[in-house]
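The primary structure of each chain is shown beneath.
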Amino acid sequence: MSPREQARRIVDYEARRDKDGHLKVYTLPSGDGGGEREVAGIDDRYHPEVLARIEELLARGRCEEAEDVAATHIEQYTNPVALLSVVPAIQFALRDAAFNRGPTGAVRILQDALGLPVDGIAGAKTRDALREAEKNPVEFLERLRAARERYERRTRDESSPFWKGLSNRWDRQHADSVSMLA
């Protein structure tokens with residue numbers, strides 16, 4: 001799966017759609033942390049300029065272009081972390097983590113999965129350990145899935161109204177990554 005296809009998959013994970021299948025603006029629930037509104041996970045807190053562009057395109061009926069803008073943004077925003085790996089299935093897992101928890105959060109998740117000290121900086125030790133982990137991608141993807149959950153548990157747990165959705169997301173992404181190895 002190419003980086004663009006990975007980004008489009010994340011758009012599909014995140015998107016709320018109207019009855020015609022087009023992206024739509026979603027008002028975020030209290031406590032979400034992403035601001036007040038979003039489209040395909042692109043919110044007004046962390047990505048306000050891109051959200052404004054997508055909203056403008058949707059308002060003008062340019063729905064396919066809005067999808068392209070969303071996918072392009074997700075791809076570019078997550079490339080620095082995703083491209084640490086040469087294995088597309090691992091790239092996708094890192095890309096999804098980076099989109100949800102930012103590039104530094106994704107590196108922290110990666111370092112935890114690698115059993116390294118967690119500092120959020122993808123230095124030589126992180127890259128070397130990842131090269132070794134890539135030799136057994138199925139096992140490493142399991143470790144990444146577990147590390148995503150540990151990362152989230154720093155601030156929430158099953159009592160959070162968002163937990164089930166997050167857990168389902170990690171499971172879906174993990175299954176999609178494993179299927180890429182077949």
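It should be noted that the structure appears before, not after, this text.
Residues numbered from 1 in each chain as written. Predicted model: local features only at pLDDT ≥ 70, side-chain atom pairs only at ≥ 80, totals over all residues. Heavy atoms only, no water.

Draft legend 1. Inspection of the packing of helix α1 (residues 3-14) against helix α4 (residues 88-114) at higher detail. The contact between α1 and α4 brings their axes to 10 Å, and the two run at 45°. Put simply, α1 runs oblique to α4. The hand of the α1/α4 crossing is right-handed. Taking contact as the criterion, the partners of Pro3, Gln6, Ala7, Arg9, Ile10, Tyr13 and Glu14 in α1 are, on α4, Pro88, Gln91, Phe92, Arg95, Asp96, Phe99 and Asn100. (Axes fitted to C-alpha atoms, helices over the stretch in contact; angles between N-to-C directions. Helix = DSSP H or I, 4+ residues; strand = E, 2+ residues; numbered from the N terminus. Parallel < 35°, antiparallel > 145°, perpendicular 65-115°, else oblique. Left-handed = near helix turned anticlockwise from the far one by under 90°. Contact = heavy atoms within 4.5 Å.)

Draft legend 2. Expanded view of the pattern of salt bridges. Going through the model one piece at a time under the given rule, you end up with 25 salt bridges. Here Glu55 makes a salt bridge to Arg37, at a shortest N to O gap of 2.7 Å. Placement of Glu55 in helix α2 (residues 48-59) and of Arg37 in strand β2 (residues 37-39) is noted, with a sequence separation of 18 residues between them. Note that Arg53 is salt-bridged to Glu65, the shortest N-O span being 3.2 Å. On the criterion of sequence distance, the pair formed by Arg53 in helix α2 and Glu65 in helix α3 (residues 63-82) is long-range, its members being 12 residues apart. (Salt bridge = Lys/Arg side-chain N within 4 Å of Asp/Glu carboxyl O.)

Draft legend 3. Quick peek at unusual backbone geometry. For Ala40, which is not glycine, the phi torsion reads 55° and is therefore positive. Relative to the helices and strands, Ala40 resides in the loop between β2 and β3 (42-43).

Draft legend 4. Looking closely at the sheet that holds β3. One open sheet accounts for 3 strands, arranged β1-β2-β3; its pairing is antiparallel. The outermost strands of the open sheet, each flanked by one partner alone, are β1 (26-27) and β3. Taken together, the 2 bridges between β1 and β2 define a ladder with antiparallel strand orientation. Within β2, the position partnered with Thr27 by the bridge is Arg37. (Pairing = 2+ DSSP bridges.)

Draft legend 5. Quick look at helix α5 (residues 124-133). Within α5, burial applies to Thr126, Leu130 and Ala133. For α5, the angular spread of the buried residues around the axis is 60°, confining them to a single face. Turned more than 90 degrees away from the buried face of α5, the exposed residues are Lys125 and Asp128. As for α5, its buried residues are in contact with α4 and α6 (137-152). (Buried < 20%, exposed > 50% of the residue type's maximum accessible area, 1.4 Å probe, protein only. Arc of directions from axis to C-beta.)

Draft legend 6. Inspection of the environment of Val107 at higher detail. Turning to its location among the elements, Val107 is positioned in helix α4. Judged by relative accessible area, Val107 falls into the buried class, the value being 5%. Along the sequence, Val107 and Ser177 sit 70 residues apart, while their C-alpha atoms lie 18 Å from each other. Sequence-distant contacts of Val107, defined by excluding residues within four places in its chain, comprise Val81, Gly120, Ile121 and Ala122.

Draft legend 7. The packing of aromatic side chains, seen in detail. Under the criterion given, the structure shown has 3 aromatic pairs. Between the aromatic rings of Trp163 and Trp170, the centroid separation amounts to 5.3 Å while the plane-to-plane angle is 85°, which identifies the pairing as edge-to-face. As far as burial versus exposure is concerned, Trp163 and Trp170 are alike and both buried. Just above the ring of Tyr26 sits the side chain of Arg16; from NZ or CZ to the centre is 3.6 Å. Lying over the aromatic face of Tyr151, Arg154 brings its terminal NZ or CZ to 3.9 Å of the ring centre. (Phe/Tyr/Trp six-rings, centres within 6.5 Å; stacked < 30°, edge-to-face > 60°. Lys NZ or Arg CZ within 6 Å of the ring centre and 35° of its normal.)

Draft legend 8. The side chain of Arg148, seen in detail. Along the polypeptide, Arg148 turns up in helix α6. Each residue touching Arg148, except ones within four places of it in the same chain, is listed here: Ala93, Asp96, Ala97, Asn100, Ile109, Trp170 and Gln173.

Draft legend 9. The nonpolar core, seen in detail. Core analysis: the biggest nonpolar cluster contains 22 residues, and Val81, Ile90, Leu110, Leu130, Phe140 and Leu144 have the highest contact counts within it. Those elements that provide at least two residues to this core are α4, α5 and α6. The biggest single contributor to this core is α4, with 12 residues. Discounting residues that sit within four places of it in the chain, Leu130 has contacts with Leu84, Ser85, Ile90, Leu110, Leu114 and Phe140. (Core = buried A, V, L, I, M, F, W, Y, C linked by side-chain atoms within 4.5 Å.)

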